[in-house]
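A look at the structure
Letter by letter, the chains look like this.
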Amino acid sequence: IASMFVLAALSVRGVEGLQFYDLILSIFGIAGWLVVSILWKDRALLILNGVGLIFLVRNLFVYLTNTI
């Protein structure tokens, strides 16, 4: 399911006006993979998805503050 969210985000990435949806789908996908990495106790995936989630949430915050 998490991979489907990431693929959906990739499908709208770069399309003008759909950046918000890209961020939301990416956050759900990366958060899902973060859960998987915790369950698998895979430190490489944990670091990758943990840092990726931080970046995505930051970008969402910046996007929302610039559009309000």
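The paragraphs below set out a description of the structure included in this document. (Residues numbered from 1 in each chain as written. Predicted model: local features only at pLDDT ≥ 70, side-chain atom pairs only at ≥ 80, totals over all residues. Heavy atoms only, no water.)

1. Observations regarding the pattern of salt bridges
With the rule as written, the count across this model stands at one salt bridge. For the salt bridge of Asp22 with Arg13, the shortest nitrogen-to-oxygen distance reads 2.9 Å. (Salt bridge = Lys/Arg side-chain N within 4 Å of Asp/Glu carboxyl O.)

2. Considerations on helix α2 (residues 19-40)
Helix length check: α2 (22 residues) gives 31 Å between terminal C-alpha atoms against 32 Å at 1.5 Å per residue, within 8%. Within the span of α2, buried status applies to Asp22, Leu23, Ser26, Ile27, Gly29, Ile30, Leu34 and Ser37. Elements in contact with the buried residues of α2: α1 (2-12) and α3 (43-67). Lys41 lies just past α2 and shows a positive phi near 55°. (Helix = DSSP H or I, 4+ residues; strand = E, 2+ residues; numbered from the N terminus. Expected span 1.5 Å × (residues − 1). Buried < 20%, exposed > 50% of the residue type's maximum accessible area, 1.4 Å probe, protein only. Contact = heavy atoms within 4.5 Å.)

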